[in-house]
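# Structure assessment
Chain residues, written in single-letter form:
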Amino acid sequence: MNAKLSKALPHIVALVVFLILNCTYFYPQLQGKKYRSQDVVSHQGMTKELIDFRASTKEDVLWTNAMFGGMPSFQLSTPRDNNSVRYLERIQQLFMSRPIGYFNALMIGFYLIMLLLKVDPWIALIGAVGFGYSSNHFILFEAGHMTKLRAIAYFPLIMTGVILAFRKKWLIGGMLFMVGMALEMNANHLQMTYYLGMILLIYVFIEIVVYIRKQEWRDLLKIGGILLSGLVLSIASSSLIILTTFEHSKQTMRGEPILQKTANAEATSSSEVEGLEWNYAMQWSNGLKDLMTSIVPGAVGGSTVEKVSQDSKFAVEVRRLGSRTDRAPLYWGALPFTSGPIYYGAVMVFLFLFGLGTIKGRLKWWVLSAVILTFLVSLGKNFESFNRLIFDYLPMFNKFRAPSSITSVTALLIPFLGILALNQLITKQDKAETLKYLKWAGGSMVAVLLLLALAGPALFDFSSPRDATYAQQAGLVDALISDRKALLRSDALRSVLFVILTGGAIWLFVQKKIGKGALLGVMGILTLVDLWGVGKRYLDKDHFVASVTYENQFNPRPVDEEIFALEPQGRGYYRVLDLSISTFESSQTSYFHNTVGGYHPAKLQRYQDLIAEHITKGNIGVLNMLNTKYIINQNQQLQLNNEALGPAWFVEAIEKVSTPNEEIDVLDSMDPATVAVVLENEFGDYIGDFDPQKSGLITLESYAPHRLKYT
């Protein structure tokens, strides 16, 4: 065989394997089916006005009226057609759309960095599958967190770029870091980037100390210059979205508060603090029990709507009550709800523990400290003494919510060290030491897993606050608890099996009873079967629907048709308050109408204050002021609000106030039909001594998201 072809063969095989695996797993995509996620549906609702306007005028705008009475569109549908970084993204995705493309990118990124760290290509392939098929990635896709998944795909490039730079591989390290960061910035999920930065800073600090001790000042400055230059260039490549995000953030609920809280009073909302309020930011905090899912996927019940067999206690009990179900609320962890566990795979965790013994040097200690940090941060409010310090004092940390999502970084670190350990086992090993740590890793895991399997049902109460929903139906809660115990036991024993098989394969290799090929074949199969099996619980072909079915969810409801009949001029002349959905957690109504509700994690601060102080309390004056002409009740029936004030109106008087608190409070008593309230020290110069006269007629002649023409 040609030498070049022989050298390239493992890489060709790896790419083909990734493509085959992902095409097989996501075969419905190749059939033209689409994945239906509430987050994706909501995003299409919030961007529909912008997309339609762009299609009809070829013009991009940075404002939409579809949600919250109007907001900047920087984070919704910003044009980035001239950013050439997207071509690199398409290459890493093997020119496939999501989900196949996203999982291609996850695997290729990990495979590439393993090669650059001199890992055997066949071992790198196993690691790529172990990283790509971590249950965390299936869960993120299932939940519709697409930008988060894209951002994670470029973690390996960034991390390895930093490592190689400090190993004095200036060119490849700097290029890898710059390209990885450029792709990361283009993905535009700053929370994920921030979390990765946290653990990389630990590595950088360790390396700086080493360089200082060796007095290698010139090399240290060179590394700093290379990484800093790469960072600046990568940020510049996506400066449009980054700068607008920065500008926008200062005016949102993640920026400084506008309202002043009462002296010595504890903040109760994000309107009263800079950044997010503690309880709001920490809603999605893992509990200690949730961390058990790292090695036992069903440790705390799996998901809030876990798939169950017809023989499960819950399904049997539901049938006794005259119904049928194949889903059960088995999750009993600390999160409000979840789509699934943070399972890294029993095989990968075993290799990680094995590597903690066999791998030498500061890289191991960095990975271990980073894993511990991510677990502690993920606990959020459930480890308040630690996380309060980070939340209050670490710059920008309080801008982010859902600390449990930092475990996306853990999903990279565990296979990273595990695959390095497997590679070292193949290339060089001390037999006595290998057997010592093989027994340590396998013995400790099996002991913990057997404890959970055998004693777990007696160690926990398996209850959840959500069980109160079923308390009135005799037997349902007991059935849930029984199924939760059974799932913990069966999944713990499942993990025991994978640990024993993994450890057994390594033992046979060390004893020279099997060769490298057999070992890697067994490791690859075990890794794939382990993670594929868990992934299929939470993202399967059943989650995909035919294109026609997908598009039908955007068909107008009868109540929408009623509004269309009453508003021939279109969406720009009225707003809707939809109480038939979660008004401020969904943007589905914005697909057809401009609304006073919607969903976005960074709402404008002033509007958030208006929601909290008035809209949720049903202040009809404020709704009139927002031109809320239609209210859809919980039964999807239309209520016409004849008092809505229209797109613009004349008032008789202007009431000037001195503080934002006075401004928000006066809306309880003023009549917006006749009076306008103005915060004098901020907007007084716009008004001056103007004396309004309530006479004449004002009419909206034409509407566009960014341009309204009045007569």
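Here the structure is shown first, and the text comes after it.
This section reports on the structure supplied with the text.

Parameters at a glance
Residues numbered from 1 in each chain as written. Predicted model: local features only at pLDDT ≥ 70, side-chain atom pairs only at ≥ 80, totals over all residues. Heavy atoms only, no water. Helix = DSSP H or I, 4+ residues; strand = E, 2+ residues; numbered from the N terminus. Rg over C-alpha atoms; globule rule 2.2 N^0.38 Å. Buried < 20%, exposed > 50% of the residue type's maximum accessible area, 1.4 Å probe, protein only. Contact = heavy atoms within 4.5 Å. Areas by Shrake-Rupley, 256 points an atom, 1.4 Å probe, with all protein chains shown as cover. 1 Å grid on protein atoms, 1.4 Å probe; cavity = no way out; pocket = protein on both sides within 12 Å on 5 of 7 lines; lining within 4 Å. Points joined across faces, edges and corners; volume = space filled by probe spheres on them. Nonpolar A, V, L, I, M, F, W, Y, C, P; charged D, E, K, R; others polar. Phe/Tyr/Trp six-rings, centres within 6.5 Å; stacked < 30°, edge-to-face > 60°. Pairing = 2+ DSSP bridges. Axes fitted to C-alpha atoms, helices over the stretch in contact; angles between N-to-C directions. Arc of directions from axis to C-beta. Patch = residues over 30% accessible without salt bridge, like charges linked within 9 Å, V, L, I, M, F, W, Y side chains within 5 Å. Salt bridge = Lys/Arg side-chain N within 4 Å of Asp/Glu carboxyl O. Polar contact = N/O pair within 3.5 Å; in protein donor to acceptor, adjacent residues only side chain to side chain. Parallel < 35°, antiparallel > 145°, perpendicular 65-115°, else oblique. Left-handed = near helix turned anticlockwise from the far one by under 90°.

Attention now moves to the overall build of the protein chain. On a plain count of helices and strands, the protein chain comes out with 29 helices and 13 strands. Radius of gyration (C-alpha) of the protein chain: 28 Å, near the 27 Å computed for a compact globule of 711 residues. Considered along the principal axes of its C-alpha atoms, the protein chain spans approximately 95 × 75 × 55 Å. Residues classed as buried in the protein chain amount to 54% of the 711 residues present. Here the contacts in the protein chain between residues at least 6 apart in sequence split such that 74% fall between residues at least 24 apart. With the model as given, the accessible surface of the protein chain reaches about 31,800 Å², and the carbon-plus-sulfur share is 59%.

The next thing to look at is the layout of surface pockets. Within this model, the second largest pocket holds a volume of roughly 1,600 Å³. Considering the residues around the second largest pocket, the lining is formed by 48 residues, among which R606, L610, M625, L626 and E663 are closest to the centre. Mapped onto the lining of the second largest pocket, the elements with two or more residues apiece are α26 (605-615), α28 (660-665), β11 (675-679), α29 (680-687) and β13 (707-710). Considering only residue class, the lining of the second largest pocket consists of 33 nonpolar, ten polar and five charged.

Inspection of the entire model under this criterion finds one cavity of 30 Å³ or more. Considered as a void within the structure, the largest cavity measures approximately 50 Å³ in volume. Of the residues in the lining of the largest cavity, the class split is one nonpolar, seven polar and one charged.

Next up on the list: the packing of aromatic side chains. Using the criterion set out here, one finds 36 aromatic pairs in the structure. Ring centres of F26 and F138 lie 6.5 Å apart, and the angle between their planes is 45°; this geometry places the pair in the tilted category. One end of the pair, F26, is in the loop between α1 (3-25) and α2 (27-30); the other, F138, is in helix α7 (residues 135-143), and 112 residues separate them in sequence. Like F138, F26 is buried.

What follows deals with the pairing of strand β8 (residues 628-632). Counting buried positions over the five residues of β8 gives four, a clear majority of the element. Hairpin connection between β8 and strand β9 (residues 638-640): a loop of five residues separates the two successive antiparallel strands, and Q636 in this loop has a positive phi of roughly 60°.

The strand order β7-β8-β9 describes an open sheet built from three strands, whose pairing is mixed. On the outer flanks of this sheet lie β7 (575-578) and β9, each paired with one strand and no other. Strand-to-strand twist of the sheet, defined as the mean angle between neighbouring strand axes without regard to direction, takes the value 25°. The sheet contact formed by β8 and β9 spans three bridges and is antiparallel. Of the residues in β9, the one forming a bridge with I631 is Q639.

Summarising the element assignment, G255 is placed in the loop between α13 (239-249) and α14 (278-281). What makes G255 buried here is its relative accessible area of 2%. Residues G255 and F314, spaced 59 residues apart in sequence, show a C-alpha to C-alpha distance of 46 Å. Contact partners of G255, with chain neighbours within four places excluded, come to S249, K250, V273, E274, G275 and K399.

Bringing helix α19 (residues 384-393) into the picture now. Of all the residues in α19, the buried ones are N387, I390 and F391. In a view along the axis of α19, the buried residues occupy a sector of 100°, so they form one face of it. Those residues of α19 that are exposed and aimed more than 90 degrees away from the buried face are S385, L389 and Y393. Where α19 is buried, its residues meet α14 and α18 (362-378).

Burial of β7 is two-sided: the residues R575 and L577 facing one way and the residues V576 and D578 facing the other way are all buried. Of the strand pairs in this sheet, β7 and β8 are connected by four bridges, and their pairing is parallel. Bridged to D578 within β8 is I632.

Taken together, the side chains of L5, I12, V16 and I20 define a hydrophobic patch exposed on the protein surface, amounting to about 330 Å² of accessible area. Its location among the elements puts L5 in helix α1. On the accessibility criterion, L5 (42% relative accessible area) is partly exposed.

Turning to helix α16 (residues 313-320), a few remarks are in order. All of the buried residues in α16 are F314, A315, E317 and V318. Looking straight down α16, one finds that the buried residues subtend no more than 165° of arc, so they occupy a single side. The inward-facing, buried residues of α16 abut β5 (327-328) and α22 (476-510). Where α16 terminates, the next one or two residues include G322, which has phi positive at roughly 95°.

The next thing to look at is the pattern of salt bridges. Taken as a whole and judged by the stated rule, the model has 23 salt bridges. K34 is the partner of E551 in a salt bridge, and the nearest nitrogen-oxygen pair spans 3.3 Å. Of the two residues, E551 sits in helix α24 (residues 547-552) while K34 sits in strand β1 (residues 34-35), which places them 517 residues apart along the sequence. The partly exposed category is assigned to K34, whose relative accessible area is 33%. For D60, the salt bridge identified is with R54, shortest N-O distance 2.4 Å. For D60, a relative accessible area of 38% puts it in the partly exposed group. Each of the salt bridges in this network shares a partner with another, and the network as a whole consists of K168, E216 and D219.

As for its placement among the helices and strands, R362 is situated in helix α18. Of the residues examined, R362 reaches a relative accessible area of 36% and is grouped as partly exposed. Sequence-wise, R362 and I206 are 156 residues apart; in three dimensions their C-alpha atoms are separated by 7.9 Å. In terms of polar contacts, R362 uses its side chain to reach the side chain of E207, at 2.8 Å.

Before going further, it helps to examine the packing of α7 against helix α8 (residues 146-153). Two numbers describe how α7 lies on α8: the axes approach to 8 Å, and their chain directions differ by 150°. In terms of orientation, α7 and α8 fall into the roughly antiparallel class. With respect to the hand of their crossing, α7 and α8 are arranged in left-handed fashion. Two secondary-structure elements touch here, α7 through N136, H137, L140 and F141 and α8 through M146, K148, L149 and I152. Of the residues belonging to the contact of α7 with α8, the class tally is five nonpolar, two polar and one charged.

Note on placement: E207 falls in helix α11 (residues 190-214). The buried category is assigned to E207, whose relative accessible area is 3%. Not counting residues up to four positions away in its chain, the partners in contact with E207 are F166 and R362.

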